[in-house]
Each structure stands twice: as structure tokens, then as C-alpha cells.
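Each chain, written out:
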Amino acid sequence: MDILETAAYDRRQRRNTYCVLFLSLSPFFLAIAVYFYLWIPDSSPSVLAAAIKAAPVISLALLVLSYKGGMSLLGVAGGLIFSAGGDCCLIWPELFLHGMASFALAHLLYSLTFLSTRYSSLSPSSSLSYFFCLLLWLLGGGLYAYLFPFLQKTPDAAALTPGVGLYVALIVLMATLAVRTRRPLIMLGSLIFMTSDLTLALQTFKVTEPLEHGRHIVMTTYYLAQLLIAVGDIKAAEGGDEFAKWKKS
């Protein structure tokens, strides 16, 4: 088989792989369609509402498990499961702290995954990456300082104020390590996750007036972030530098 035939074969293999992956994501897209179609109001919390909200992320967790095996429970699949738990908790306002803790554990598992040898096998990060990571920490610190006076006004200020600080640190750590992986899907997913949480925080802590389509923005960016992280983790098993592949294409 000459070089041209080998290249054509590789392209067909990649195309087939992408088709299989896209078909495997059908339950995720179906679950999202059901969620947005039913659009159960926040004022009507129920077990059914929690199940419908968590279903898309659970489908992603099962997909990662099918590709990566049981060990992924200590990585992205486990993070997705904790995220689904957070989704369920946030249905009920009184479980907000429990939901935040569940998402914090999800970010911790994502971070541990991005530190694994499967992600750290690429060349060292550039000075631009370090600068971008510094910006993320400055952004996280600035956001917490901005939220601080609003957190002090909440009924659970004693627990919420340090809890939010720890959560901000964990999500920024996750995003920083995502940038370190130099994998576009992972990086983009982490940044969109931060955007989703920022939008939610500004509304939850009454920093801004509720946005007209605030919940749509939060949930759309949230599901997109989880999708990118899950697919990025599956693709990471293939190995190689995605930036290098982009340059060759």
C-alpha cells in the first residue's frame, strides 16, 4: 500500500470513527430536545424535572464509559456523573450548596484527568499559554471579589461565601489545566463552562436583574461545555497533538 493509499485509508477510518461517534451522541441530543421541549418551570421542582435535566449529562457519562471503560469513573465519566447530581440538586433551591459541592467534585475529577499522562504527553506549554492561565486566575479572583458583597447578603452567607470561593478556585484550576492540555475541544469546553457558571452566578446572587433568556443561556452553554469535554476526552485516547493535525489539514 503506497503513501497515497495509506492516507486515503486513514481518512476513511477517521470519517467512519466520526460517524460512529456522532451516532453514539444521539441519546444526548434527544435528551436535550426533550428538556427544552418540556421546559419545566423552575417554580415546579420535582423528581421528573430533575431526571429530565440530568438526562443529557448522564448519557454523556455512559458514552465516555463505553469508550474508556470503568477507570473513567475516576476521570471525565465520574465528573459527568457528579455534574448530573449537581443538576438534580439545583432543581430545589434549598439544595444549592449540595449542588455546588457536586459540581466542585466534578471539576476536581476533570482536573485530575487533565493531569494524567494521556494529556501531558504533548510538548511543554508556550509562554502564551502561561499568560492565558494567569488571565484566568485574575478573572476568577476578580469575579469572586465582585461577588463577595452580594454573597454577604444571602441567608447562608457563612457557608456560601467560602463555598463559592472554593468553587471558583476549582473551576479556574480545571480551566487552567484544560489550557495546559492544548486540546481545542477540552479548552473550549472549560471556557464555556466558566461562561455558563458566570451567567448563573450573576442571576442567582442578584448581581444583575434576571435576564430575559437567562436560563436558556445557562443551560445551552452548560450542555455544550459538557459535550465538548466528553468528546474531547474520547478523542484524547487516539493520541497525538490536535493542533498539529489542524495545521496539516
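Note that this is a predicted model, so its numbers are computed, not measured.

**Remarks on the overall build of the protein**
- Per the secondary structure count, the protein includes eleven helices and zero strands.
- Every one of the 249 residues in the protein was classed for burial, and the buried ones make up 43%.
- Taken as a whole, the protein presents about 13200 Å² of accessible surface, with 72% of it coming from carbon and sulfur.

**Regarding the confidence of the model for the protein**
- Averaged over every residue, the pLDDT of the protein is 88; residues scoring 70 or more account for 86%.
- Confidence drops under a pLDDT of 50 for residues 240-249, and excluding neighbours within four residues, the segment shows 15 contacts in the predicted structure.

**A short note on the pattern of salt bridges**
- Following the criterion strictly, the structure yields two salt bridges and no others.
- Between Asp-42 and Arg-215 there is a salt bridge; the shortest N-O distance is 3.5 Å. Taken together, the residues span a long stretch of sequence, with Asp-42 in the loop between α2 (26-38) and α3 (47-68) and Arg-215 in helix α10 (residues 214-236) at a distance of 173 residues.

**Description of the UniProt feature "transmembrane region" (unreviewed entry) in the protein**
- In this structure's numbering, the residues bearing the UniProt feature "transmembrane region" (unreviewed entry) are residues 20-40, 99-116, 128-147 and 159-178.
- Within the segment residues 20-40, helix and strand shares are 86% and 0% respectively, and the terminal C-alpha atoms sit 32 Å apart.

**Examining helix α5 (residues 96-114)**
- For α5, with 19 residues, the first-to-last C-alpha span of 27 Å sits near the 27 Å given by 1.5 Å per residue.
- For α5, the complete set of buried residues consists of Gly-99, Met-100, Ser-102, Phe-103, Ala-104, Ala-106, His-107, Leu-109, Tyr-110, Ser-111, Thr-113 and Phe-114.

**Structural notes on a nonpolar patch on the surface**
- On the surface, Leu-128, Phe-131, Phe-132, Leu-134, Leu-135 and Leu-138 cluster together into a nonpolar patch covering about 600 Å² of accessible area.
- Take Leu-138: it is sitting in helix α7 (residues 127-151).

**Observations concerning unusual backbone geometry**
- The backbone of Trp-39 sits at a positive phi, close to 45°, despite the residue not being glycine.
- Here Trp-39 shows up in the loop between α2 and α3.
- Unlike most non-glycine residues, Lys-206 shows phi in positive territory, near 60°.
- Looking at the element boundaries, Lys-206 is found in the loop between α9 (184-204) and α10.

**Structural notes on the packing of aromatic side chains**
- All told, the structure shown has 15 aromatic pairs when counted by the stated rule.
- Seen in terms of ring centroids, Tyr-144 and Phe-148 are 6.1 Å apart; in terms of plane orientation they differ by 75°. Their pairing is edge-to-face. Placement of both Tyr-144 and Phe-148 in helix α7 is noted, with a separation of four residues, approximately one turn of the helix.
- Judged by centre distance (5.4 Å) and plane angle (45°), the rings of Tyr-222 and Tyr-223 are tilted.
- Joined through ring pairs, the aromatic side chains of Tyr-35, Phe-36, Trp-39, Phe-103, Phe-193, Tyr-222 and Tyr-223 make up one cluster.
- The cationic tip of Arg-215 hangs over the ring face of Trp-39; the distance from NZ or CZ to the ring centre is 3.9 Å.

**A word on the nonpolar core**
- Ranked by size, the top nonpolar core spans 58 residues in total, and within it Leu-80, Tyr-110, Phe-114, Val-164, Phe-193, Phe-205 and Tyr-223 carry the most contacts.
- Those elements that place two or more of their residues in this core are α2, α3, α4 (76-89), α5, α7, α8 (157-181), α9 and α10.
- The residues contacting Tyr-223, other than those within four sequence positions of it, are Phe-28, Ile-32, Tyr-35, Phe-36, Lys-53, Pro-56 and Val-57.

**Notes on the side chain of Gln-203**
- By secondary structure assignment, the location of Gln-203 is in helix α9.
- Judged by its relative accessible area of 18%, Gln-203 is buried.
- Engagement of the side chain of Gln-203 in a polar contact is seen with the backbone nitrogen of Leu-211, the distance being 3.2 Å.
- Those residues within four positions of Gln-203 in sequence are excluded, and the remaining contacts are Thr-208, Pro-210, Leu-211, Gly-214 and Val-218.

**Thoughts on the packing of α2 against α10**
- As a packed pair, α2 and α10 sit with axes 12 Å apart at the nearest point and diverge in direction by 170°. Between α2 and α10, the crossing angle belongs to the class labelled roughly antiparallel. Note on element contacts: α10 touches α2 through Arg-215, His-216, Met-219, Thr-220, Tyr-223 and Leu-227, opposite Phe-28, Phe-29, Ile-32, Tyr-35 and Phe-36.
- In the contact of α2 with α10, the residues fall into eight nonpolar, two polar and one charged.

Rules of the game
The written sequence of each chain sets the order in which its residues are numbered from 1. Local features in this predicted model are restricted to residues whose pLDDT is 70 or higher, and side-chain atom pairs enter the listing and the counts only when it is 80 or higher, whereas totals over whole chains, interfaces and linings include all residues. Working from all heavy atoms in the structure, the side-chain values ignore hydrogens and water. The numbering of helices and of strands both runs from the N terminus, where a helix is a DSSP run of H or I of at least 4 residues and a strand a run of E of at least 2. Think of it in three bands: residues with accessible area under 20% of the maximum for their type are buried, residues over 50% are exposed, and the middle band is partly exposed, with areas taken using a 1.4 Å probe on protein chains only. We get accessible surface area from the Shrake-Rupley algorithm with a probe of 1.4 Å; when it comes to residues, only the shown protein chains can shield them. For every residue, the predictor states its confidence as a pLDDT score lying anywhere from 0 to 100. Working rule for contacts: check all heavy atoms of both residues, and any pair within 4.5 Å makes them a contact. Here a salt bridge means any side-chain nitrogen of Lys or Arg lying within 4 Å of a carboxyl oxygen belonging to Asp or Glu. UniProt positions are given in the numbering used here, feature names are shortened, and annotations may be inferred rather than shown by experiment. Each residue after the first adds 1.5 Å to the expected span of a helix. What makes a patch is a set of residues exposed beyond 30% relative accessible area and free of salt bridges, joined within 9 Å when like-charged and within 5 Å when nonpolar (Val, Leu, Ile, Met, Phe, Trp, Tyr). Stacked, tilted and edge-to-face pairs are distinguished by plane angle, under 30 degrees for stacked and over 60 for edge-to-face with tilted covering the rest, among Phe, Tyr and Trp rings (Trp via its six-membered ring) whose centres lie within 6.5 Å. Two limits define a charge over a ring: the Lys NZ or Arg CZ must be within 6 Å of the ring centre, and within 35 degrees of the ring normal. Here, the term nonpolar core denotes a set of buried Ala, Val, Leu, Ile, Met, Phe, Trp, Tyr and Cys residues that are joined through side-chain atoms within 4.5 Å. Nitrogen and oxygen atoms within 3.5 Å of one another constitute a polar contact, given that in protein one can donate a hydrogen and the other can accept it, and given that sequence-neighbouring residues count only through two side-chain atoms. Orientation is described by axes fitted as lines to C-alpha atoms, over the contacting stretch for helices, and by angles from 0 to 180 degrees between their N-to-C directions. When describing relative orientation, an angle under 35 degrees is termed roughly parallel and one over 145 degrees roughly antiparallel, while 65 to 115 degrees is termed roughly perpendicular and anything else oblique. Residues are grouped as follows: Ala, Val, Leu, Ile, Met, Phe, Trp, Tyr, Cys and Pro are nonpolar; Asp, Glu, Lys and Arg are charged; all remaining types, including Gly, are polar.

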